[in-house]
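Given next are the chains, with one letter for each unit.
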Amino acid sequence: MTDAPLVSPPVLMLSTIHAGHASRSGYGLLANYIPGAEFLHAPRADPKGAALFFARVARQVSFSRWYLGGSAQVEWQAFRRLRSGFDGVVHSMWADHDLGYLDLLVPNKKHRFCGTFHNCPDDFRHTIRFPSRLRNFAAIVLMSECQRTFFRRAGVADDRIHVVLHGVDNEYFTPNPFPDERPFTILSAGGFRRNFPLLRQVCEKLEKAPGIRIEIVAPPSFRGTFDGLSNVEFLSGIDDETLLTKYQAASCLLHTAEHATANNVLLEALACGVPIVAERVGGIPEYVTPECSILAEPRDADALANAVLELAHSPKARAQMGVAARKRADELSWSKVAERMIEIYRTL
């Protein structure tokens, strides 16, 4: 006898969508796994013309300093649903970016307000204008334990703080079904809060290592950081399908970060069965296991390069780590994350 699926209370899920994000990545995918959820969304952008003036005025006193016209559009949609009789949980999926005023408009006796926060702890002072308003939340969802201290200091009770790790689409991101022999290939991907100077140092240390090539997928503004390195191929603007093939062909993911909570690249590499070489920074140790990763101390280029060389010379260990990586990704599938979120919604 199998357990019946959890039934979710009515939920409004709100988010802006960044045009630069891959369509199979991002927290907005969670809405697809919450039965009956209403997903209200808009492009993460400011409007043009006269409306831009009003968006800028709204941003001057909004909860989030990163509030955009798209954020206001989503909140207006939600407010109209509340006025039309919606009764349930209101979930701001990117509260540190998109929350302006809605928490002040949600009557707690009828609705319960929930927000997910993604930013690194050292970013909150730049994004959250009114920390005292965090006490308006019935539940706060975090991507990592490293964020908790900020919310405690803002006066949020521990029983309202929930760490629910970010999910991954493990049906799309899968290991290569037809692995082929190719040179040992290191993949590094992404741009936000990456430590590119450190990544260059590691690339320099590996430049004379025979049979090792490095592919870096990042915004074009970082291309110059890697000029003159013969072992690096730099790519920008690739589509979802090409990104998937890059994951599937990688021998390991090399992840250098200034700070981190959740990270789509890390999760997608895990789902593709790719061993991880990264720093012990922020939430990274919460997302990987010792069986699928090698973690170095922060900013230690020598340790990162040595970890890569260790994998390059150990095909058997690499294969075992790949299996463990996929196992970890299955534990972080969106369906598993949705089960945890439904439990939180129901307690509200």
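Description of the structure in this document. Predicted model only: the values in this text are computed from it and were never measured.

**As for the packing of aromatic side chains**
According to the stated counting rule, one finds 17 aromatic pairs in the structure shown. Relative to Phe-150, the ring of Phe-124 lies with its centre 4.8 Å away and its plane at 35°, an arrangement referred to as tilted. Placement of Phe-124 in helix α5 (residues 124-127) and of Phe-150 in helix α6 (residues 148-153) is noted, with a sequence separation of 26 residues between them. Between Tyr-172 and Phe-173, the aromatic rings sit 5.0 Å apart at their centres with planes inclined by 90°, giving edge-to-face as the arrangement. In terms of burial, Tyr-172 and Phe-173 fall into one category: buried.

**Quick word on empty space enclosed by the protein**
Tallied over the entire structure, the rule returns three cavities of 30 Å³ or more. Taken as a whole, the largest cavity encloses approximately 40 Å³ of empty space. Leu-14, Ser-71, Val-74, Glu-75, Ser-92, Asp-98, Leu-99 and Leu-102 are the residues that line the largest cavity. Top contributing element to the lining of the largest cavity by residue count: helix α2 (residues 69-83), with three residues. Classifying every residue of the lining of the largest cavity by side-chain character gives four nonpolar, two polar and two charged.

**Observations regarding the pattern of salt bridges**
Applying the stated criterion across every chain yields a total of 20 salt bridges. A salt bridge links Glu-215 to Arg-213, with the nearest nitrogen and oxygen atoms 3.0 Å apart. The class of Glu-215 is buried, set by a relative accessible area of 4%. Taken together, the shared-partner salt bridges connect Asp-122, Asp-123, Arg-193 and Glu-258 into one network.

**Structural notes on helix α12 (residues 315-331)**
If you check α12, its first and last C-alpha atoms are 25 Å apart, about what 17 residues at 1.5 Å a residue would give, namely 24 Å. Inspection of α12 places Met-321, Gly-322, Ala-324, Ala-325, Arg-326, Arg-328 and Ala-329 among the buried residues, and these make up the whole buried set. Those residues of α12 that are buried are in contact with α9 (264-271), β11 (276-279), α10 (284-287), β12 (293-296) and α11 (301-312).

**Considering the state of the cysteines**
Counted by the stated rule, this structure contains zero disulfides. Take Cys-203: it sits in no disulfide, and the sulfur closest to it among the cysteines is that of Cys-252, at 11 Å. Cys-203 sits in the buried class, given a relative accessible area of 0%. Between Cys-272, a cysteine without a disulfide, and Cys-292, which holds the nearest cysteine sulfur, the sulfur-to-sulfur distance is 13 Å.

**So, the sheet that holds strand β10 (residues 252-255)**
Strand order across the open sheet formed by six strands is β9-β8-β7-β10-β11-β12, with parallel pairing between neighbours. Here the strands that pair on one side only, and so sit at the sheet edges, are β9 (232-235) and β12. Geometrically, the sheet is characterised by an average inter-axis angle of 20° between neighbouring strands, direction not taken into account. Across four bridges, the pairing between β11 and β12 is parallel. Across the sheet, Ile-276 pairs through a bridge with Ser-293, a residue of β12.

Rules of the game
- Residues numbered from 1 in each chain as written.
- Predicted model: local features only at pLDDT ≥ 70, side-chain atom pairs only at ≥ 80, totals over all residues.
- Heavy atoms only, no water.
- Phe/Tyr/Trp six-rings, centres within 6.5 Å; stacked < 30°, edge-to-face > 60°.
- Helix = DSSP H or I, 4+ residues; strand = E, 2+ residues; numbered from the N terminus.
- Buried < 20%, exposed > 50% of the residue type's maximum accessible area, 1.4 Å probe, protein only.
- 1 Å grid on protein atoms, 1.4 Å probe; cavity = no way out; pocket = protein on both sides within 12 Å on 5 of 7 lines; lining within 4 Å.
- Points joined across faces, edges and corners; volume = space filled by probe spheres on them.
- Nonpolar A, V, L, I, M, F, W, Y, C, P; charged D, E, K, R; others polar.
- Salt bridge = Lys/Arg side-chain N within 4 Å of Asp/Glu carboxyl O.
- Expected span 1.5 Å × (residues − 1).
- Contact = heavy atoms within 4.5 Å.
- Disulfide = S-S within 2.5 Å.
- Pairing = 2+ DSSP bridges.
- Axes fitted to C-alpha atoms, helices over the stretch in contact; angles between N-to-C directions.

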